[in-house]
Structures are given as C-alpha cells and as structure tokens.
Number of protein chains: 2
Amino acid sequence: MVGRPWLHGRLRNAGFRLTLPRQAILNVFARNPKHLSAEEIFLSVHRNYPGIGLATVYRTLDLLTQMGLVFKFDFGDGRSRYELASEVIKEHHHHMVCTRCGQIIDYSDFMKKEIKFIKELEVELSKKHKFKINSHQIHFYGSCNRCQ
Amino acid sequence: MVGRPWLHGRLRNAGFRLTLPRQAILNVFARNPKHLSAEEIFLSVHRNYPGIGLATVYRTLDLLTQMGLVFKFDFGDGRSRYELASEVIKEHHHHMVCTRCGQIIDYSDFMKKEIKFIKELEVELSKKHKFKINSHQIHFYGSCNRCQ
DNA sequence: CAATTGGTTGATAATGATTTTCATTTTTAT
DNA sequence: ATAAAAATGAAAATCATTATCAACCAATTG
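Residues numbered from 1 in each chain as written. Chains lettered and ligands numbered in written order. Predicted model: local features only at pLDDT ≥ 70, side-chain atom pairs only at ≥ 80, totals over all residues. Heavy atoms only, no water.

### Comments concerning the protein's contact with DNA strand C
Taken together, 21 residues lie around DNA strand C, and A:Y58, B:T19, B:R22, B:T56 and B:R59 are the ones closest in. Here the atoms of DNA strand C within 4 Å of the protein split so that 70% fall in sugar or phosphate, with bases taking the remainder. One of the side-chain nitrogen or oxygen atoms of B:R22 is found 2.5 Å away from a phosphate oxygen of DNA strand C. At the level of secondary structure, the elements contributing two or more residues to the surface near DNA strand C comprise α4 (54-66) of chain A together with α2 (20-31) and α4 (54-66) of chain B. Of all the elements, α4(A) adds the most residues to the surface near DNA strand C, at four residues. Class assignment of the residues belonging to the surface near DNA strand C gives a composition of seven nonpolar, seven polar and seven charged. (Near = heavy atom within 4 Å. Polar contact = N/O pair within 3.5 Å; in protein donor to acceptor, adjacent residues only side chain to side chain. Helix = DSSP H or I, 4+ residues; strand = E, 2+ residues; numbered from the N terminus. Nonpolar A, V, L, I, M, F, W, Y, C, P; charged D, E, K, R; others polar.)

This is how it looks when you write it as structure tokens:
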C-alpha cells in the first residue's frame, strides 16, 4: 500500500501518530484512487473496521489535508472530495467535471505542457502580486461522453 | 447599474420575471463587485430592502447561476461564493486564494496568454475525451502579500 | 374588468454535511 | 508503571442550503 515508514515519519515530525484508523483511511485511498467524499470513505472503512466513526474520518481527512498528503476538492456537488496528493501515489492531473451526471474525469494527457505553462504563470503572478503560490486547481466543466 | 433591458429580456425569454428582489440582488453585485456569499448578499440587500428574505436570495442566486448571468465558486471556506459573469460586467479573470486570511485576488494580467492556452487545451481535451467543455476554473492557492 | 393561471415571495421547518463536545481509551515520555 | 498528551467514538451542535406552504402579484383570458 502507501509507503508507511515515510508517512509515519512525516506525521511524527509534526507531532501526530499514525494510528490504526488513520492507516485504515489511507488504505482506502490506496485501494480506491478516486475522489472520495467523507461519507464514502467512512462506509469503505466501516466494512473492515466497524468501530471507526465518522467524526474520526473527518478529523483524519482534515489532518491529512493540512499535512499536504491529501487534497481537498469541491466539484460543486455539495460535499468535499478528497484524493491522495500526487506526490504520494498518483501522477499530477487536473479534472473535468460533468455537470449533468457528476462524473469526474482525471486527465493528465497534456500535463507536461500544462505544468510548464502553469509554472511560468506562477512565477509572473507571484512577482506581480507578491503572492506565494503553493498549489493550484484547474477544473473544466461540461458534459461527458454519455451525457451530451 | 447593470444593463436592465437586456436582463429583463433574457429572464422573460426563459419564462421568468425581473422582480424587485431580483433587481436588488443584481444591484448588490453591481455595487460590490466581489466574490459574495449568499449571506453577504442577503445582509447587503437587507439594508435597503429589509423585507427580502434569505431564501429568496438563494433562489435568485440559483436562478442567475443557471442562466449563466452569475458564476458560482467554492474557494474552500465552507460556503459558495458568487460573482457576475464576465460577459455581464467584469473582464475574464482567474483567482488567487490566500489560505491564511481567505482573501481572494482576481487577476487578469496574463489573460490573453492564458485564454489562448486554455482554448487550445480545451480543443485537445474535448477531442480526446469526447467531453464538451462549457467553462473552466483556475485557482491558485497560497499566501498573500500580508500573510507571508 | 373580474377571474384564472402560474411565477414569486417570506417565514419557517427540514435537511445534510461538517464540527464540536466530552468522557474514555490509547500512546508516549518520564 | 504513571503521568501527560493524543486520539477516539458517540452524540449533540452548528451552519449553509433546500424544501414547504400559504399568501402575493403579474399577466392573460374570457
């Protein structure tokens, strides 16, 4: 699964522990690399560890997000969605959101070009606005294959 | 304020009316061209029209969003934020969000370049994924001038 | 012009996601 | 071990948003 020793160290350095619930939640991401909502994660974890509560899922997601291990997104469907940070497991990608059926498509087809462009833009923006950029989100909205 | 006859016509064509509450809400946007939350809009409207309720604000925002007159955003602060569509009053821009103080900076400094890039990307993505793209959002997250 | 129709509204209740509380349990440092 | 610090589950609380519903209002019809 996800590289544990690494994670363990990162959490410890920040004064946190890699507990069973937290591992279980990370494993859900590893098994199911999608854009999961808190409830979906809770349900998935609950199958193997019925004892783990929803509040813990929220707390853990918040923790992982703050540590940068997980990204938090809002695709407009009324709940937050989370995915493992690209550095942890997935390649850098952006999103296309179907506003009809809600499907979210990850794409990384033209990433090299995009990243290059974004990087340059970030430099210019940072300079002009004295704004330190840490991350970005690029979302396209429209209708998918099946919904047109 | 915002071009009324135009709006009136657009709403009518879709079977809606340009009522006083709706005008009041549009005027808030015209006076205060920011990224307003429903509650902020409600409070602003409430000063001049104490009779207008929060539910109406939500309904109107929903209507305007569906008609494409207003864009709905989520910058991660737990509430939706709205702004007039670029065609109505503002120039096309993207956003930088300060994750410390929540400030949202509009920028349109390098828009020509960005739009060109996005347009090309959209063509390629549409073709490859058979996905009809209607709109996009580009957000940068980091720390602003004062928060570094 | 009165009657009818259908969009619109305000107030309130309901919903649903997320957060907080708090007593208890687990882990770590002493 | 034992005290101190973190973490947890369950339940209550919060907060943004949506649905309900009776009252309104505007436009159309006869």
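### Considering the pattern of salt bridges
Inspection of every chain in the model, using the stated rule, returns ten salt bridges over all chains. Between A:E124 and B:K113 there is a salt bridge, and its shortest N-O distance comes to 2.8 Å. Of this pair, A:E124 sits in helix α5 (residues 111-129) while B:K113 sits in helix α5 (residues 111-129), which puts the two residues in different chains. Among the residues examined, A:E124 registers a relative accessible area of 28% and is labelled partly exposed. Under the relative-accessibility criterion, B:K113 is labelled partly exposed at 39%. Between B:R81 and B:D77 there is a salt bridge; the shortest N-O distance is 2.9 Å. Taking relative accessible area as the criterion, B:R81 reaches 10% and is therefore assigned buried. One connected set of salt bridges, linked through shared partners, spans A:E40, A:D77 and A:R81. (Salt bridge = Lys/Arg side-chain N within 4 Å of Asp/Glu carboxyl O. Buried < 20%, exposed > 50% of the residue type's maximum accessible area, 1.4 Å probe, protein only.)

### Some thoughts on the sheet that holds strand β6 (residues 132-143) of chain A
As summarised here, the arrangement of the six strands in space is β5(A)-β4(A)-β6(A)-β6(B)-β4(B)-β5(B), forming an open sheet in which the pairing is mixed. Both edges of this open sheet fall to β5 (104-107) of chain A together with β5 (104-107) of chain B, since each of them pairs with a single strand only. Put simply, the sheet's adjacent strands are angled 25 degrees from each other on average, direction ignored. Both strand β4 (residues 94-98) of chain B and β5(B) contribute to a ladder of four bridges, which runs antiparallel. Each residue of the ladder has a partner; that of B:H95, found in β5(B), is B:D106. Here α5(A) sits on the sheet and contacts β4 (94-98), β5 and β6 of chain A together with β4, β5 and β6 (132-143) of chain B; the angle it forms with β6(A), its principal contact strand, is near 130 degrees. (Pairing = 2+ DSSP bridges. Axes fitted to C-alpha atoms, helices over the stretch in contact; angles between N-to-C directions. Contact = heavy atoms within 4.5 Å.)

### A few points about the nonpolar core
A:F140 and B:F140 are the most contacted members of the largest nonpolar core, which totals 32 residues. Secondary structure elements with two or more residues in this core: β4, β5, α5 and β6 of chain A together with β4, β5, α5 and β6 of chain B. Sequence-distant contacts of A:F140, defined by excluding residues within four places in its chain, comprise A:H95, A:M96, A:V97, A:Y107, B:I118, B:L121, B:E122, B:L125, B:I133, B:S135 and B:H136. (Core = buried A, V, L, I, M, F, W, Y, C linked by side-chain atoms within 4.5 Å.)

### Overview of the environment of B:F110
Within the secondary structure, B:F110 sits in the loop between β5 and α5. Residue classification places B:F110 among the buried residues on the basis of a relative accessible area of 17%. Distance from B:F110 to B:H93, taken between C-alpha atoms, is 9.1 Å for residues 17 residues apart in sequence. Excluding its chain neighbours within four sequence positions, the residues that come into contact with B:F110 are A:L121, A:E124, A:L125 and A:K128.

### Regarding the protein's contact with DNA strand D
Taken together, 20 residues lie around DNA strand D, and A:R17, A:T19, A:T56, A:R59 and B:Y58 are the ones closest in. The sugar and phosphate moieties of DNA strand D supply 70% of its atoms located within 4 Å of the protein. A:R59 places a side-chain nitrogen or oxygen 2.6 Å from a base nitrogen of DNA strand D. B:S80 places a polar main-chain atom, nitrogen or oxygen, 2.8 Å from a phosphate oxygen of DNA strand D. Elements with a minimum of two residues in the surface near DNA strand D: α2 (20-31) and α4 of chain A together with α4 of chain B. Considering each element in turn, the surface near DNA strand D owes the most residues, four residues, to α4(B).

### Section: the domain arrangement of chain A
All names here are of chain A. Here the domain parsing of chain A yields domain 1 (1-90) and domain 2 (91-148). Placing the centre of domain 1 and that of domain 2 at their C-alpha centroids yields a distance of 22 Å. Counting from both sides, the interface comprises ten residues of domain 1 and, opposite them, ten residues of domain 2. Across the interface of domain 1 and domain 2, roughly 800 Å² is buried in total on both sides, 61% from carbon and sulfur atoms. Broken down residue by residue, the surface that domain 1 buries against domain 2 is led by H35, F75 and K90, which jointly contribute 61%. Summed over the shared surface of domain 1 and domain 2, the result is zero salt bridges. Our enumeration of links across domain 1 and domain 2 arrives at four residue pairs in polar contact (both at pLDDT 80 or more). Of all elements in the fold, only β2 (70-74) and β3 (80-84) reach the threshold of two or more residues within the side of domain 1 that touches domain 2. (Domains from an automatic or database assignment. Buried area = accessible area lost by both parts, 1.4 Å probe.)

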